[in-house]
Each structure stands twice: as C-alpha cells, then as structure tokens.
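Coordinate inspection notes
Listed below, chain by chain, are the residues.
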Amino acid sequence: MGAAFLASWPWDNLGFFKYVLYGPLVGKAVASRAWEPSSPDHWLFLLLALFALRAFTYQLWSSYSNMLFLTRRRRIVRDGVDFEQIDNEWDWDNFLILQILMAATALYAFPSLQRLPGWDGRGLAVAGLLHVAATEPLFYVAHRAFHGGRLFSRYHALHHSMKVPTPFTAAFATPLEHLVLAALMALPLAGAYAAGVGSVGLAFAYVLGFDFLRAMGHCNVELFPAGLFRAVPFLRYLIYTPTYHTVHHTGKEANFCLFMPLFDRLGGTLDANSWDLQTKNRAGADEVPDFVFLAHVVDVMQSMHVPFVMRTFASTPFAVRAFLLPLWPISLCFMFMVWAWSKTFVISYYHLRGKLHQTWAVPRYGFHYFLPFAKDGINDQIELAILRAEKMGVKVVSLAALNKNEALNGGGTLFVNKHPDLRVRVVHGNTLTAAVILNEIPEGTAEVFMTGATSKLGRAIALYLCRKRIRVMMMTLSKDRFQRIQKEASPEHQRYLVQVTKFQSAGQCKTWIVGKWLSPREQRWAPPGTHFHQFVVPPILGFRRDCTYGKLAAMRLPKDARGLGSCEFSLERGVVHACHAGGVVHFLEGYTHHEVGAIDVDRIDLVWKAALKHGIRPV
C-alpha cells in the first residue's frame, strides 16, 4: 500500500540538493540587487531574510536546550537524544522550503503585498485578536483531529515518534500538517492586511514570535518560574510551558493547544497534573552521574563539534567543514572567554546499564597543555573537577588524553597523592589503551619499532611484547630510561628490548608503534607497506601513500548504551577513545583502586577480557 497523500516530502531523496529549490528566489534577488531599498524586488530580500531568521530561531533554541551546564537540572525528559532521532530530524527545515514557496506565490498573486509599509502598530492589535479568536481554536480542533484514527497513523504519528522533544521536533511533521499550520499562521496576517493595517514589521514580529513559541514548547527545558503562575494564576491559561507540551507528547491524550491552555480548559482536555509537574521541573534536580569522562577541547575548530553549537554536526565524526570557517573568529573569542572565566562543564551524557555517564570538558585547548605557564592552571581545573565529582558522589572519573599527561600530573598521581582519602576513583584508562594497541598487532609479528617508548604506554607495551618474545626497538636517546624499563623485564626477556637512536634502524620493520609525533621526514624511513599504530596526541598526519595509518585506540560501547548522540572527535558513532572505555570498564567491574601513574602490565589481559565481557568491542 502506498504512502498517504502529502505524508512525505517530494524532495526527500535530494539530500543537500534540496536547497536548490531556493535557487530561483535567490537568483532573482541577486540579479535585481534586492537588498537595496529602491529595488522593485526588495520584498524578495525581506522574504529571504525572514526565512533565514526563522531557521536561526530554531537553531538558537536547539543550542540552548543542549547547553547542559545551564539546563541539565531543568530537563523534563531526562533521556538523551540518540543518533536515530537526530537522523530522523536531520531535515527538520523542510517546512521552511514549503512555506517560502507559498509566501512567494502569495506575494506574486497579490502585488500590493510587495508594497506594505515598514510598520503599523494597529496591525499588531488586529493580528493578536485574530490569533486568539481564529488561529488558536482552529489549531486546537485540527490538532485533535490529527490525533484520531487514520489521520494520526498516517500523518501525526511521525511527529510523536521522537522519544525526546527538541526544538527541531516542533518542525518535524508531514507536509499536510505544515500546510494546515501555515494557513492558520497566515490568518492573522491576512486579516491585518485586509483591514489595511498590515506591515512588513508585523509579518516579521508575528512569524518569528510564532516560531519562537513553537520551538520553546519543544525545548525539553522548563523555563517559567513556578511563582509566576502562583502570583498571576490566569497566566497559566494564556501561555503554555515546555512541561505542559511535553505532557502532550508523553500521553497524547491531553494538552492539545497551540500556545494557550485556555482552549484545553474549554475543550476538557487539560491535564490537571501539568502545573504540579511544571513546578517540579522548574525546581529541578541535578542527577548524579556514576561515571565521568574528563575531556578537553582539541582546537578552535573542534570546539564547534559539540551539541550546543550544532547538534547535527556533533553527531558525525569531526571534520573541518567549509561552512564552519566563517564561525572561526567567534570560536576564537569563545576560547579566550572560557580560558579566562570558565570551569569544567558538562557537554554530553548517556545511560548504560541504568547508570548515568557524563562527559565533562576542561575549558582548555590542546595547545594550552604545551605552554609551561599554563600547567598549574590546568591541574587546578582538573583537581576542582575531581573534588566536585567527589562531593556529588561520582564513582569513577576517567582522565582523557592530555589531562593525564605524565609531564602534567604524572598520569593522575598528583591528585591521588594530594587527596589520599578520595572515594571517587581516578583512572587514566591507559591499561585498556595498551590492550587495544597490542591486540591490533598481527599474529606472527617478530619485530616492532616504537617511538615514545619510555612513556607510560610505551613502557607497558614494550614490556608486554617482550614477554611474547617480540623484539622491540625502543627509540630513545636516554640510556638511563631505557635501562630502567629493561630491568623491569625478566632476565630471559630483556634481550628482546633494544635501544635505538636513529630512525634508520627501523628501515626493515613494517610495524611502527607511534607514541611521539613523526614528521614527514621521519616517516620516510619506514619501508613500503608499514602500518603505523598510534597512541600519540594529536595523531600523526598520513604522508605516505604506500603505508597505512591506524587511528587512536578506540572501542565501541555496548549496544544497550542509551542516549548516545554525539561523536568523540574524529571517531565514528558509538565509538569512544580507549581511555574513556577503560574508565567504563573500571566502573562496571567495580574496581576499588585508582588507576594512575604507571600501567600494571599484569592487568592488561584482565582488563581486555573484562571489556569484552561487558560488550565493549574493538572497532
């Protein structure tokens, strides 16, 4: 059986090319220099500007609702928005294409609309009256009709299929619903125009106000102070709240109004618990995470790869995209602001086995970790985050990437030694990182070459491999550091650890383990067919076409992880860095020790098996 009429968008298969539908309007606006007030097609510029502002309105609400550092206590539905919902809502702006074409058609059909004055205050009163007298009751009737029988299953069920209301959910509906909504939205404007008091300013004010309230109602964050409705009780019938509309999404049998609950009261569909729930959600409660992954920002471009900037962009592996380059100066200013004033903040979360896992970000960028004068400030930020987690009752804090740098804080030993009574377990996750790298090395490998060989990870990998009787060429100029590591191996295995000081020594070795940055000149010493395994941050750039480059150690979270909706840097969906996964294993296994400082080589296989047991799989 075919799809219902007007239940799908005719440009569904066009992908990004759907924006070509704006082409005729944009082309005519450019050709006629429509941005100039004297242009006969000035109305085209105003129309395009209005629809750009409409899109921006929804994006701003999306950004706000994803600012967990501001909104997490007042979130109504506490589940995270997962990749499936993000994909479904990817084309949330389809309705804007439909409605701009409808608006342009109306302006061509009625040329007098192209010559409206800039503002007429009387029009606002007429439009407001018509909104209350016509748009609100007609929407209420139409909305209830869409909840009945075939209309719901064929059309409105799509809108209600989203598990967590978001500002984009407000726009996620079928063409038929948006045609009805556009007609109802046009009534007050048409009435003002017919009364001779229409204006450009009224069109902007009413349409943007309409979108503002639609997005607000779906933002999943309670905004209105409960005391406001106690002080002025009748206001609860004049303006809905995000909680009020979320009750409709969860129950589907009450709270059908557009913006004014008065019509639910008159129609007998007002949920009596709406105000108690609104008071509860406004008061808020901070959920205590059981696990925290303490990350940091990589660079200015990557700072835009967070849900509160662009949710859809954050749901894909990071890549530098041309459309983001104009935002670089804004992101640079943001960097200086967080450097000066910000503390560690929440950026994302998910649930696993019924427990809340959060990612917190230290407000420092990658290059800060290499500035000598910034070291103490970074450690202060990490320490404050650990103490905050301790106070909240967090079970495990896992340090990411440079936050566990040996030169910075000894892989976390600084904090554990300073606060010996910590109940929260501080871990660096490097044991699982080492296990991931080791399990990538093909069976039968007889020799490897390693840079960064005397670091925590390098030491553990070298000691593990020599036990397997694999020859390890450890690239280091420090004889003392090499000998200290060699002495940790048993006498029968020491001969498998070899110090080298030149890259030429690896000219015949096709397995390179990279823990220190390699320049193109250094990479050229690798023979053709070499595979570069990496644990260096940031990862090396692949210059050799005749070689292959591994990504940073990572693992896929279990399938029962709920609410995953953002990617960690350049990793694919559902995949996290091994240090993140290592912290998760530490939490799931209920280990009671801190994992800081040197890696216990004897635990590498144990942690690897524990990860697999919990469904945490290699990529």
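The following paragraphs examine the structure supplied in this document.

Calculation notes
- Residues numbered from 1 in each chain as written.
- Predicted model: local features only at pLDDT ≥ 70, side-chain atom pairs only at ≥ 80, totals over all residues.
- Heavy atoms only, no water.
- Core = buried A, V, L, I, M, F, W, Y, C linked by side-chain atoms within 4.5 Å.
- Buried < 20%, exposed > 50% of the residue type's maximum accessible area, 1.4 Å probe, protein only.
- Helix = DSSP H or I, 4+ residues; strand = E, 2+ residues; numbered from the N terminus.
- Contact = heavy atoms within 4.5 Å.
- Salt bridge = Lys/Arg side-chain N within 4 Å of Asp/Glu carboxyl O.
- Phe/Tyr/Trp six-rings, centres within 6.5 Å; stacked < 30°, edge-to-face > 60°.
- Lys NZ or Arg CZ within 6 Å of the ring centre and 35° of its normal.
- Pairing = 2+ DSSP bridges.
- Axes fitted to C-alpha atoms, helices over the stretch in contact; angles between N-to-C directions.

Overview of the nonpolar core
The nonpolar side chains of a soluble globular protein tend to be buried, and buried together. Core analysis: the largest hydrophobic core is formed by 60 residues, its most contacted members being Leu432, Ile461, Leu465, Leu497, Ile513 and Ile604. Per element, the largest residue contribution to this core is 8 residues, and it comes from helix α20 (residues 456-467). Not counting chain neighbours up to four residues away, the residues in contact with leucine 432 comprise Met555, Ala578, Ala581, Gly582, Val585, Val607, Trp608 and Ala611. Counting 46 residues, the second largest nonpolar core, distinct from the first, contains Tyr22, Trp61, Met216 and Ile239.

Structural notes on the side chain of serine 303
Mapping serine 303 onto the fold places it in the loop between β1 (291-297) and α14 (311-314). Take serine 303: its relative accessible area is 10%, and that puts it in the buried class. When residues no more than four places from it in sequence are discounted, the contact partners of serine 303 are Val297, Val309, Ser331 and Tyr365.

Remarks on the pattern of salt bridges
The final tally for this structure, using the stated rule, is 24 salt bridges. Lysine 18 is the partner of aspartate 93 in a salt bridge, and the nearest nitrogen-oxygen pair spans 2.8 Å. Of this pair, aspartate 93 sits in the loop between α4 (83-88) and α5 (94-109) while lysine 18 sits in the segment before α1 (23-31); the two residues are 75 residues apart in sequence, bridging distant segments of the chain. Arginine 544 serves as the salt-bridge partner of aspartate 546, at 2.8 Å between the closest nitrogen and oxygen. Exposure remark for aspartate 546: the relative accessible area of 37% places this residue in the partly exposed category. Taking the relative accessible area as the measure of exposure, arginine 544 reaches 16% and is therefore buried.

Considerations on the packing of aromatic side chains
Where two aromatic rings form a pair, the distance of their centres and the angle of their planes describe that pair. Scanning all chains against the criterion turns up 29 aromatic pairs. In textbook terms, an aromatic cluster arises when at least three aromatic residues are bridged by ring pairs, as seen for Phe449, Phe503, Trp512, Phe532 and Tyr549. We note arginine 144 situated over the ring of phenylalanine 256; from NZ or CZ to the ring centre the distance is 5.7 Å. Sitting above the plane of the tryptophan 525 ring, arginine 524 keeps its charged end 4.6 Å from the centroid.

Comments concerning the sheet that holds strand β3 (residues 355-365)
With mixed pairing, the 5 strands of this open sheet are ordered in space as β2-β3-β1-β4-β5. Whereas interior strands pair on both sides, the edge strands pair on one side only; in this sheet they are β2 (345-352) and β5 (425-427). Each strand of the sheet is rotated relative to its neighbour by a mean of 25°, with strand direction disregarded. Where strand β4 (residues 396-399) and β5 come together, 3 bridges link them in parallel fashion. Each residue of the ladder has a partner; that of serine 398, found in β5, is valine 427. Sheet contacts for helix α23 (residues 578-589): β1, β2, β3, β4 and β5; angle to β4, the most-contacted strand, approximately 160°.

Note that every value here comes from positions in space, so none of it alone points to a role or purpose.
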